[in-house]
Amino acid sequence: MSDTVGDYLLDRLSTWGVKRIYGYPGDGINGLMGAFERSSNGKRPEFIQVRHEEMAAFMACAHAKFTDELGVCMATSGPGAIHLLNGLYDAKLDHQPVVAIVGQQARAGLGGNYQQEVDLTTLFKDVANEFVQIAMDPAQIRHLVDRACRIALAERTVTAIIVPNDVQESEAVKQPPHKHGTVHSSPGYRRPRVIPHDDELSRAADVLNAGQRVAMLVGQGALDAADEVTAVADLLGAGVAKALLGKAALPDDLPYVTGAIGLLGTKPSWDMMQGCDTLLMVGSSFPYSEFLPEEGQARGVQIDIDGRMLGIRYPMEVNLVGDAAETLRALMPLLNRKQDRSWREKIEREVAEWWNLIEHRAQLEAEPINPQLVFHELSKRLPDGAILTSDSGSAANWFARDIKLRSGMMASLSGTLATMGPGVPYAIAAKFAHPHRPVIALVGDGAMQMNGINELITIAKYRHQWADQRLVVLVLNNRDLNQVTWEQRAMSGDPKFPGSQELPDFPYAQYGEMLGLEGIRVSDPDEVAAAWDRALAAERPVVFEAITDPEVPPLPPHITLEQAKAMSSALLAGDPSASRIVKQAFRQKAEEFLPGR
Ligand SMILES: Cc1ncc(C[n+]2csc(CCOP(=O)(O)OP(=O)(O)O)c2C)c(N)n1
Ligand SMILES: [Mg+2]
């Protein structure tokens, strides 16, 4: 039998280096599933079956994040395609190259208000605005795959191909006829070297050399530029703050790394931004301007690979389009080493004090477990080469502040969309991409109930394929949608609304055990350390359920007057946990002022 379009589409994706496709079947893509089934030679991509298409899109996104390769997901027409959307937006907003391949009703039925017929081109037009096409003729397949892959990689974005099911089963056209109206494409893409012009580099160096107190802010664009960021920070006597997606860009054990910035950030990052006279931003689109210097306070230089992202967060004086590592390398010979190291020394003192404070905050009593203790004990034990994923929720606070990443580790979360749900699927994709590395997902009970519990089934299904099964899913069981509860209190000044915030309990660890995973449930702070030892030594994936206190406030690094006012009005308006909150918040804040801090 000659190859079908389905066969050829998968073969063409292999030519692009795609080894794995995350997806879920349906009759809209049976012509593609058949092609996977015929892949007896093992050359075609492997199909990884998830529980929900949104998870497939998260996994494709995480594959891109943890490998620098293209991520691919697949879903059936109508409902399957719709389910992909949130995960695809996560990839688009975090600038990850992901190709979505979805089915559609047969060409003959389109426009007939047919079963499961959805206008998919329109549906994907926003998320895949750089490229979304429907294959109406088998001769399109070659260039649709080539363009979807190349555009996703070149633009670091999401693209989509829609294939009606009858096209999937048609005979493949591997080379369109040489005549008017046909397209002749080829595969392959390598990122170019992008370096700014020399005169722009000199202008940037002039600004940086003139500064006395330089602050650096690095993001995910600097993930491959650790040596260069270190060298430039050294020359400039600068401290370095990290946006969340760039947490792995520099190890947290360097004395001048002030850590996270923003609401989830640290006090040293806040103080550095308040006090700097020069800002060098590298590969970050960190959005919250109140955490950056005030306009006019500092002179600014920004480096970004994407010209569209320049000069939108702070009125920069020099905007450089370039690769982070290459551009910093080109800047280095133009920079004078700052002789006065007092700014840097001040930052280092503040960073040391901050880590001290974090350690003390983790030890504070709570009912029953202080979530910071769980992160603190993990941080001390992180195995070499660990990959961490965090969900959106209070876990992201503790991930940002309490986890000390070392060189050689990776970490990510939904940085820009900040959606709930990616913690577990990101971890699964990390495990497929790096089966020898330990992976740890940090997830709230809300996110587990939203989808994480279901993806444990995917872990149970595939764990035997991973040479090293170390994969720990930490669940913060606080029976609360805690991050938002605190936002209600601190930003809106409302008391907690139990009707929207409280969550039913669920036996996460026990459920993990039912699936054949290891379950660990800790409700006593004295057992946390030993539980981590056990989890990290386990030979099977682990569900680590920690019963944590929802009244431990994820304090912003600097509480503004408005936030303090909002918080007090929330408490006065009858928050059900008022007295415990005041006690916890006082304990946390008092730590900053105790002698020896
Ligand atoms: C899909 C989606 N829905 C809602 C939100 C708003 N949101 C952000 S964090 C959060 C609470 C998360 O609760 P949980 O997972 O239990 O973590 P916790 O903060 O309690 O540790 C909510 C509802 C979101 N970011 N994404
Ligand atoms: Mg919760």
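Residues numbered from 1 in each chain as written. Chains lettered and ligands numbered in written order. Predicted model: local features only at pLDDT ≥ 70, side-chain atom pairs only at ≥ 80, totals over all residues. Heavy atoms only, no water.

Colleague: Please explain the overall build of the protein chain as it appears in this structure.
Modeller: On a plain count of helices and strands, the protein chain comes out with 22 helices and 18 strands. For the protein chain, the C-alpha radius of gyration of 25 Å lies close to 25 Å, the compact-globule estimate for 597 residues. Along the longest, intermediate and shortest principal axes, the C-alpha atoms of the protein chain span 80 × 60 × 45 Å. For the protein chain, contacts bridging at least 24 residues in sequence account for 75% of all contacts bridging at least 6. When the accessible surface of the protein chain is split by element, carbon and sulfur atoms take 50% of a total near 23200 Å². (Helix = DSSP H or I, 4+ residues; strand = E, 2+ residues; numbered from the N terminus. Rg over C-alpha atoms; globule rule 2.2 N^0.38 Å. Contact = heavy atoms within 4.5 Å. Areas by Shrake-Rupley, 256 points an atom, 1.4 Å probe, with all protein chains shown as cover.)

Colleague: What should I look at first to understand the coordination of the magnesium ion (ligand 2) in this one?
Modeller: The reference angle at a metal is 109.5 degrees if four donors form a tetrahedron and 90 or 180 degrees if six donors form an octahedron. The magnesium ion (ligand 2) binds to the protein through D445 (OD), N478 (OD1) and D480 (O), with metal-donor distances spanning 2.0 to 2.1 Å. Site description for the magnesium ion (ligand 2): donor spacing in sequence, D-x32-N-x1-D. As far as burial versus exposure is concerned, N478 and D480 are alike and both buried. (Donors = N, O, S within 2.8 Å, 3.2 Å for Na, K, Ca; no water. Buried < 20%, exposed > 50% of the residue type's maximum accessible area, 1.4 Å probe, protein only.)

Colleague: What exactly am I supposed to notice about the site of ligand 1 here?
Modeller: Contacts to ligand 1 come from 17 residues, most closely from S394, D445, G446, D480 and N482. At a separation of 2.9 Å, an oxygen atom of ligand 1 approaches a polar backbone atom of A447. Note that an oxygen atom of ligand 1 is positioned 2.8 Å from one of the backbone N or O atoms of Q483. Coverage of ligand 1 by the protein chains reaches 77% of its 590 Å² of free accessible surface. (Near = heavy atom within 4 Å. Polar contact = N/O pair within 3.5 Å; in protein donor to acceptor, adjacent residues only side chain to side chain.)

Colleague: What should I look at first to understand the packing of helix α9 (residues 226-236) against helix α11 (residues 324-331) in this one?
Modeller: For any two helices packed against each other, the geometry comes down to the angle between their axes and how far apart the axes lie. Relative to each other, α9 and α11 sit at 35°, their axes nearing to 9 Å. Note that α9 runs across α11; the crossing there is left-handed. On α11, the residues touching E228, V229 and V232 of α9 are A325, L328 and R329. Here the residues of the contact of α9 with α11 are counted per class, giving four nonpolar, no polar and two charged. (Axes fitted to C-alpha atoms, helices over the stretch in contact; angles between N-to-C directions. Left-handed = near helix turned anticlockwise from the far one by under 90°. Nonpolar A, V, L, I, M, F, W, Y, C, P; charged D, E, K, R; others polar.)

Colleague: Looking at this structure, I do not really get the confidence of the model for the protein chain. What am I missing?
Modeller: If pLDDT is low for a region, its predicted coordinates should not be looked at in detail. For the protein chain, the average pLDDT comes to 94, and 94% of its residues sit at 70 or higher. Contacts for the low-pLDDT stretch residues 593-597, under 50 throughout, to residues beyond four places or in other chains number six contacts. (pLDDT = per-residue confidence, 0-100.)

Colleague: What should I look at first to understand unusual backbone geometry in this one?
Modeller: At the junction of E367 and P368, the peptide bond is cis and its omega measures out at -10° in the coordinates. Examined against the element boundaries, P368 turns out to sit in the loop between α12 (342-363) and α13 (371-381). Of note, Q116 is a non-glycine position whose phi angle comes to about 60°, a positive value. As for its placement among the helices and strands, Q116 is situated in the loop between β4 (98-104) and α5 (120-124). The backbone of R479 shows a phi angle near 50°, a positive value even though the residue is not glycine. Here R479 is to be found in the loop between β16 (471-477) and α17 (482-490). Looking at R479, the relative accessible area reads 29%, which means it is partly exposed.

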